[in-house]
Amino acid sequence: MKFVTFRTAGADPEAGAIVRDQVVGLKGAGYSSMLAVLGGGAAEARSKIENWVKSSGALFPLNSVTLLAPIPRPPKLICVGLNYRDHALESKMEIPKVPTIFSKFPSAVIGPGEPIVLPKNSTQPDYEAEFAFVIGRGGRHIPADRWQEHVFGYTIINDVSARDFQFASTQWLMGKTFDTFAPMGPHIVSADEIPDPHALDISLSIHGEVLQHSNTRELIFKIPELVAYLSSVVTLEPGDIVSTGTPAGVGVARKPQRFLKAGDDVAVRVEGIGELRNPVVAES
């Protein structure tokens, strides 16, 4: 099942489920937001929502609604750096022995179709196609072999990065968390629809030109290891999102370098999930 946060004209955002070419609103089922869905317990919520979808009259044509980021303000947006071997090599950095972790502030999140705004004070805004997983059941010290009990589903992230700010110090956060630097969506695909999350094609194109193309089988640290490692340090909560890293082909490593510019049309595609597309504009 595909879950979304959507808005109809003049209405507040609400959670929904996509059924063919329609969106079923979940407010009547008791879920006002995606965080409410995730906080209700994945198994219990899924069963209740499936019954609601079958009987609900709260249907909206998909092309009549505006899709927002599936979780507009995630409790935590955790990112993994240098997690594809080819990207670590193109970055001229050692293959990490433990996951390289940073975060983005929730205020960086935007939805599909919303513009990535290039900040006035950066000259090196870059793109990064990423596959992300969404925590359903929270926990601490989660064993790697029980990761599936805690992952609700999967989505797409574009880890937009201002390289001049990122590499100005040893801490990457400020280059990663400008407003609009975390496009997300277009939906969350429930985990049961992705038999193997470590065998998905991933790519990024600008104006149709493919600049990144790989497969999640190339991840250095895969989901079980990431769930175990992260939860050994911090309690994972329903709605937390973990973006698993980007493959080779980023703009800063290309010759000549290729940074984002106003007028670009950026599309990230992940097999089994779909396409996240965002225009690029200059800060006014």
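Residues numbered from 1 in each chain as written. Predicted model: local features only at pLDDT ≥ 70, side-chain atom pairs only at ≥ 80, totals over all residues. Heavy atoms only, no water.

## Here's the deal with the overall build of the protein
And then number 1: When you go through the protein residue by residue, the secondary structure sums to 6 helices and 19 strands.
And then number 2: What you see for the protein is a C-alpha radius of gyration of 18 Å, in line with the 19 Å of a compact globule of 284 residues.
And then number 3: Taken over the C-alpha atoms alone, the protein extends approximately 55 × 45 × 30 Å along its principal axes.
And then number 4: Per-residue burial over the protein gives 53% buried out of 284 residues.
And then number 5: Put simply, 74% of the contacts in the protein that link residues at least 6 apart link residues at least 24 apart.
And then number 6: Just so you have it, the protein exposes about 12,000 Å², and 54% of that area is on carbon and sulfur atoms.
And then number 7: If you average the places of the 27 positive and of the 31 negative side-chain charges in the protein, the two averages end up 1 Å apart. (Helix = DSSP H or I, 4+ residues; strand = E, 2+ residues; numbered from the N terminus. Rg over C-alpha atoms; globule rule 2.2 N^0.38 Å. Buried < 20%, exposed > 50% of the residue type's maximum accessible area, 1.4 Å probe, protein only. Contact = heavy atoms within 4.5 Å. Areas by Shrake-Rupley, 256 points an atom, 1.4 Å probe, with all protein chains shown as cover. Lys, Arg positive; Asp, Glu negative; His and termini not counted. Charge placed at Lys NZ, Arg CZ, Asp CG, Glu CD.)

## Description of the pattern of salt bridges
And then number 1: Within the structure shown, the criterion is met by 14 salt bridges.
And then number 2: Two residues, glutamate 128 and arginine 163, come together in a salt bridge whose shortest N-O distance is 2.7 Å. Remark: arginine 163 occurs in helix α4 (residues 163–166) and glutamate 128 occurs in the loop between β10 (125–126) and β11 (129–135); sequence separation between them is 35 residues.
And then number 3: Given the relative accessible area of 3%, arginine 163 is considered buried.
And then number 4: The network of salt bridges with common partners includes Lys104, Asp126, Glu128, Asp159, Arg163 and Lys176. (Salt bridge = Lys/Arg side-chain N within 4 Å of Asp/Glu carboxyl O.)

## Quick look at the nonpolar core
Within soluble globular proteins, side chains that are nonpolar tend to cluster in buried spots.
And then number 1: In this structure, Phe131, Phe133, Tyr154, Leu204, Ile223, Val227 and Leu260 are the most contacted members of the largest nonpolar core, which totals 43 residues.
And then number 2: Elements with a contribution of two residues or more to this core: β6 (77–81), β9 (116–118), β11, β12 (151–158), β15 (201–206), α6 (223–231), β18 (265–270) and β19 (274–282).
And then number 3: When sequence neighbours within four positions are dropped, the list of residues in contact with leucine 204 reads Tyr127, Glu128, Ala129, Asn158, Glu209, Val210, Leu211, Gln212, Val266, Ala267 and Val268.
And then number 4: Counting 27 residues, the second-largest nonpolar core is a separate cluster that includes Phe3, Ile49, Leu77 and Val134. (Core = buried A, V, L, I, M, F, W, Y, C linked by side-chain atoms within 4.5 Å.)

## A few points about the packing of aromatic side chains
And then number 1: Under the counting rule described, the total for this entry stands at 6 aromatic pairs.
And then number 2: Plain terms: the ring middles of phenylalanine 3 and phenylalanine 152 are 5.3 Å apart, the flat faces sit at 55° to each other, and that makes the pair tilted. Placement of the pair is phenylalanine 3 in strand β1 (residues 2–7) and phenylalanine 152 in strand β12, with a sequence separation of 149 residues.
And then number 3: The exposure class assigned to phenylalanine 3 is buried, which follows from its relative accessible area of 0%.
And then number 4: Under the relative-accessibility criterion, phenylalanine 152 is labelled buried at 5%.
And then number 5: On the basis of an interplanar angle of 50° and a centroid distance of 5.5 Å, the ring pair of phenylalanine 6 and phenylalanine 60 is categorised as tilted. One end of the pair, phenylalanine 6, is in strand β1; the other, phenylalanine 60, is in strand β4 (residues 59–61), and 54 residues separate them in sequence. (Phe/Tyr/Trp six-rings, centres within 6.5 Å; stacked < 30°, edge-to-face > 60°.)

## Section: the sheet that holds β15
And then number 1: On the basis of which strands lie adjacent, the open sheet formed by 5 strands has the order β9-β19-β18-β15-β16 and mixed pairing. At either end of the open sheet lies a strand with only one pairing partner, and these are β9 and β16 (209–215). Across this sheet, the average inter-strand angle for adjacent strands is 20°, counted without regard to direction.
And then number 2: Of the strand pairs in this sheet, β9 and β19 are connected by 3 bridges, and their pairing is parallel. In the strand pairing of β19, leucine 118 is matched with alanine 282. (Pairing = 2+ DSSP bridges. Axes fitted to C-alpha atoms, helices over the stretch in contact; angles between N-to-C directions.)

## What about the pairing of β1?
And then number 1: Of the pairings in the sheet, the one linking β1 to strand β14 (residues 182–190) comprises 2 bridges and is antiparallel in character. If you follow lysine 2 over to β14, its bridge partner there is valine 189.
And then number 2: Looking at chain direction, β1 and strand β2 (residues 14–19) are connected through 5 bridges and run antiparallel. Note that in β2 the partner of threonine 5 across the bridge is alanine 15.
And then number 3: Where β1 folds back onto β2 in an antiparallel hairpin, the turn is made up of 6 residues, including glycine 10, whose phi is positive at roughly 75°.
And then number 4: By the bridge criterion, 3 bridges tie β1 to strand β5 (residues 66–68) in an arrangement that is antiparallel. For threonine 5, the partnering residue across the bridge sits in β5 and is leucine 68.

## Quick notes on the side chain of arginine 163
And then number 1: Of the polar contacts made by the side chain of arginine 163, one reaches the side chain of glutamate 128; its length is 2.7 Å.
And then number 2: When neighbours within four sequence positions are excluded, arginine 163 is seen to be in contact with Gln124, Asp126, Tyr127, Glu128, Lys176, Val250, Val252 and Phe259. (Polar contact = N/O pair within 3.5 Å; in protein donor to acceptor, adjacent residues only side chain to side chain.)

## Regarding the pairing of β6
Two faces belong to every sheet, and in a regular strand the side chains alternate between them.
And then number 1: Here β6 lies mainly inside the structure; 5 of its 5 residues are buried.
And then number 2: Alternating positions in β6 separate into two faces, Leu77, Cys79 and Gly81 on one and Ile78 and Val80 on the other, with burial throughout.
And then number 3: The pairing of β6 with strand β7 (residues 100–104) spans 5 bridges and is classified as antiparallel. Looking at β7, one finds that cysteine 79 is bridged to phenylalanine 102.
And then number 4: With 3 bridges connecting them, β6 and strand β17 (residues 241–243) associate as parallel partners. When the sheet's bridge partners are listed, isoleucine 78 is paired in β17 with valine 242.

Nothing here speaks to function; it is geometry throughout.
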